[in-house]
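Overview (structure and organization)
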Amino acid sequence: MIKFDKIEVPTEGKKIEPTDAVASVAKQSGTSAPDTPIIPFIEGDGIGRDTMKATRRVVDAAVNNAYDGKRKIVWFEVYAGEKAYQKYDEWLPEDTLKAVRHFIVALKGPLITPVGGGYRSLNVTLRQELDLYACVRPVKYITGVPSPMKHPEKVDIVIFRENTEDVYAGIEWAQGTPEVKKVIDFLKDNFALNIAEDSGIGVKPISVKNTKRLVRMAIQYAIENKRRSITIVHKGNIMKFTEGAFRDWGYEVATEEFSDYIITEEEIQAKYNGDIPKGKILINDRIADSMFQQILLRADEYDIIATPNLNGDYLSDACAAQVGGIGMAPGANIGDHAAIFEPTGGAAPKYANLDVANPSSLILSAVMMLEYLGWKEAAGLIQKALADTIMQKFVTYDLERLMEGATKLKTSEFASAIISRLTN
Ligand code: NAP
């Protein structure tokens, strides 16, 4: 049995084997996990304590109902953020990385990231250390959720955001340091580039391998889930050798590896009068700035998006806002060997321990996790019960203030309301 420094593996439950997970990661086809999988969870900072508690209660009840008590998640608490600092004197202990690597699937609450200084983002470190190269964010409207849009139901988009490189890789040198001076001098001496002496500098790497595996996962998802189209979103008109290359490599994967399934916009114009032939998935590309207006004006024309890290960051929040905000949008960070499911929103520290935050984003992330385990029945139960609860106007403060005649519930009461509606 695997040993850790300061945490103990639960005595009941079984490890999910890598083959199960890899198959379901890549194909999303629902392979089976053991009946009692051990799943590490990171509670998270701020509102994490309340929302994680609520989520685990909902998940446990749904699994119990869906499988008549024959299946059960064995939760294993691992630490990151403030709780880790108290226990280990470090923000992201090796125990936690080791546990997720070993048990493959984990659920995580939000973690606080200091701005401009302090320690490096734990979220970014986790993604990089575990090579969780795709951030997958399905954004879909739940009836009844207040939205600024006239037709939020037109949004049904899954964003695949590259997670390991781009300016997000954290390769930066601070203004005024000897390191940044070296970089500026190097660029001047070798490339005749005159960069202002008082600059800070960041580097934006985008590679063939990391682009291709991300786009490959998006295409596999589109095929498995019978989706209509994949749009590569980039800023290649300006950043030709990074964002532009991302686009070109994306098309390369599509045409070289998936030609039986995929058709390009040029092909449908040239050969099919602009209509997508039956059984084919359209692949096209859009420039990032134009995409922000497209998702507002013609959201129903977009389906799956594959995009570099920074564009994906902005786009996912913009899409989530259309269906009622990031409090409602789930997410997953998926690699070939592990997956962490986590909410889109942050730790909202001002609401910490007040039992008021909306747990929907974390609950829906757990739904993605159940689907990933192949436990679609339990996932379906939660989705329906959550939708029913909101439709009947039982909601947390954030939605209540926007809805007429709604009943404001605490986080824990909202979880109970969902649980009471979990019916087969
Ligand atoms: P935030 O935590 O998402 O909170 C911003 C505002 O969004 C809140 O004040 C609240 O608005 C609303 N909100 C967010 N989550 C909510 C929820 N579950 N229920 C109800 N309302 C919710 O963003 P932030 O203040 O920019 O970031 C706080 C910390 O979280 C930062 O350290 C940031 O780095 C971190 N963060 C972590 C992750 C992650 O772990 N993946 C992601 C994003 C941010 P109102 O006050 O208007 O009600």
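The coordinates are above.
This write-up is about the structure you can find in this document. (Residues numbered from 1 in each chain as written. Predicted model: local features only at pLDDT ≥ 70, side-chain atom pairs only at ≥ 80, totals over all residues. Heavy atoms only, no water.)

Bringing the nonpolar core into the picture now. Counting residues in each nonpolar core, the largest one holds 80 residues, and the members touching the most others are Val105, Leu107, Phe160, Phe341, Leu370 and Ile382. Tallying contributions element by element places helix H12 (residues 360–373) first for this core, with 10 residues. In contact with Phe341, not counting residues within four places along its chain, are Val105, Ala106, Leu107, Lys108, Gly331, Ala332, Ser365, Met368, Met369 and Tyr372. Counting residues in each nonpolar core, the second largest holds 25 residues, with Ile38, Ala80, Leu126 and Leu132 among its members. (Core = buried A, V, L, I, M, F, W, Y, C linked by side-chain atoms within 4.5 Å. Buried < 20%, exposed > 50% of the residue type's maximum accessible area, 1.4 Å probe, protein only. Helix = DSSP H or I, 4+ residues; strand = E, 2+ residues; numbered from the N terminus. Contact = heavy atoms within 4.5 Å.)

Scanning the entire structure with this criterion turns up 10 aromatic pairs. A ring pair is formed by Tyr67 and Trp375, whose centres lie 5.7 Å apart and whose planes are at 65 degrees; its orientation type is edge-to-face. You can see Tyr67 sitting in the loop between helix H2 (48–66) and strand E2 (74–78) and its partner Trp375 sitting in the loop between H12 and helix H13 (376–391), a full 308 residues away along the chain. Put simply, the rings of Phe4, Phe76 and Phe103 pair up and form one aromatic cluster. Across the ring face of Tyr67, the terminal group of Arg71 is positioned such that the distance to the ring centre comes to 4.4 Å. Above the plane of the ring of Tyr168 lies Arg161, whose end atom (NZ or CZ) is 4.9 Å from the centre. (Phe/Tyr/Trp six-rings, centres within 6.5 Å; stacked < 30°, edge-to-face > 60°. Lys NZ or Arg CZ within 6 Å of the ring centre and 35° of its normal.)

Orientation of helix H10 (residues 288–297) relative to helix H11 (residues 309–322), taken along the N-to-C sense of each, is 10 degrees, at an axis distance of 10 Å. Judged by the angle between their axes, H10 and H11 are roughly parallel. The way H10 lies across H11 gives a crossing that is right-handed. Between H10 and H11, the residues in contact are Ala288, Met291, Phe292, Ile295 and Leu296 and Asn311, Tyr314, Leu315, Ala318, Cys319 and Gln322, respectively. Here the residues of the contact of H10 with H11 sort into nine nonpolar, two polar and no charged. (Axes fitted to C-alpha atoms, helices over the stretch in contact; angles between N-to-C directions. Parallel < 35°, antiparallel > 145°, perpendicular 65-115°, else oblique. Left-handed = near helix turned anticlockwise from the far one by under 90°. Nonpolar A, V, L, I, M, F, W, Y, C, P; charged D, E, K, R; others polar.)

Here the focus is helix H5 (residues 122–129). The α-helix winds at 3.6 residues per turn, so residues separated by three or four positions along the chain end up facing the same way. Buried residues dominate H5, accounting for six of its eight residues. Those residues of H5 that are buried lie in contact with strand E1 (38–42), helix H4 (94–103), strand E3 (105–108), strand E5 (156–162), strand E12 (332–334) and strand E13 (339–341). The backbone nitrogen of Asn123 lies 3.3 Å from a side-chain oxygen of the residue at the head of H5, namely Ser121. At the C-terminal side of H5, Asp131 shows a positive phi close to 50 degrees. (Polar contact = N/O pair within 3.5 Å; in protein donor to acceptor, adjacent residues only side chain to side chain.)

Around the ligand, the structure places 22 residues, and the nearest of them are Thr113, Gly346, Ala348, Tyr351 and Tyr397. Within the backbone of Ala347, a nitrogen or oxygen atom sits 2.9 Å from an oxygen atom of the ligand. Relative to its unbound accessible surface of 880 Å², the ligand loses 68% to contact with the protein. Here the shell around the ligand is composed, by residue class, of 11 nonpolar, six polar and five charged. (Near = heavy atom within 4 Å. Areas by Shrake-Rupley, 256 points an atom, 1.4 Å probe, with all protein chains shown as cover.)

Attention shifts here to the pairing of E3. Burial along E3 is two-sided: the face carrying Val105 and Leu107 and the face carrying Ala106 and Lys108 are both buried. By the bridge criterion, two bridges tie E1 to E3 in an arrangement that is parallel. Its bridge partner lying in E3, Ile42 is registered against Lys108. For E3 and E13, the ladder comprises three bridges, and the chain directions are parallel. Residue pairing across strands places Val105 opposite Ala339, the latter belonging to E13. (Pairing = 2+ DSSP bridges.)

Strand pairing in a sheet takes place through backbone hydrogen bonds and is either antiparallel or parallel in direction. The sheet built from 11 strands is open, its strands ordered E2-E1-E3-E13-E12-E4-E5-E11-E8-E10-E9 with mixed pairing. Where the open sheet ends on each side, the last strands, each with one partner, are E2 and strand E9 (262–264). Across the sheet, the mean angle separating the axes of adjacent strands is 25 degrees when strand polarity is ignored. The sheet contacts of H12 involve E1, E2, E3, strand E4 (134–140), E12 and E13, and relative to E3 the element is tilted by about 175 degrees.

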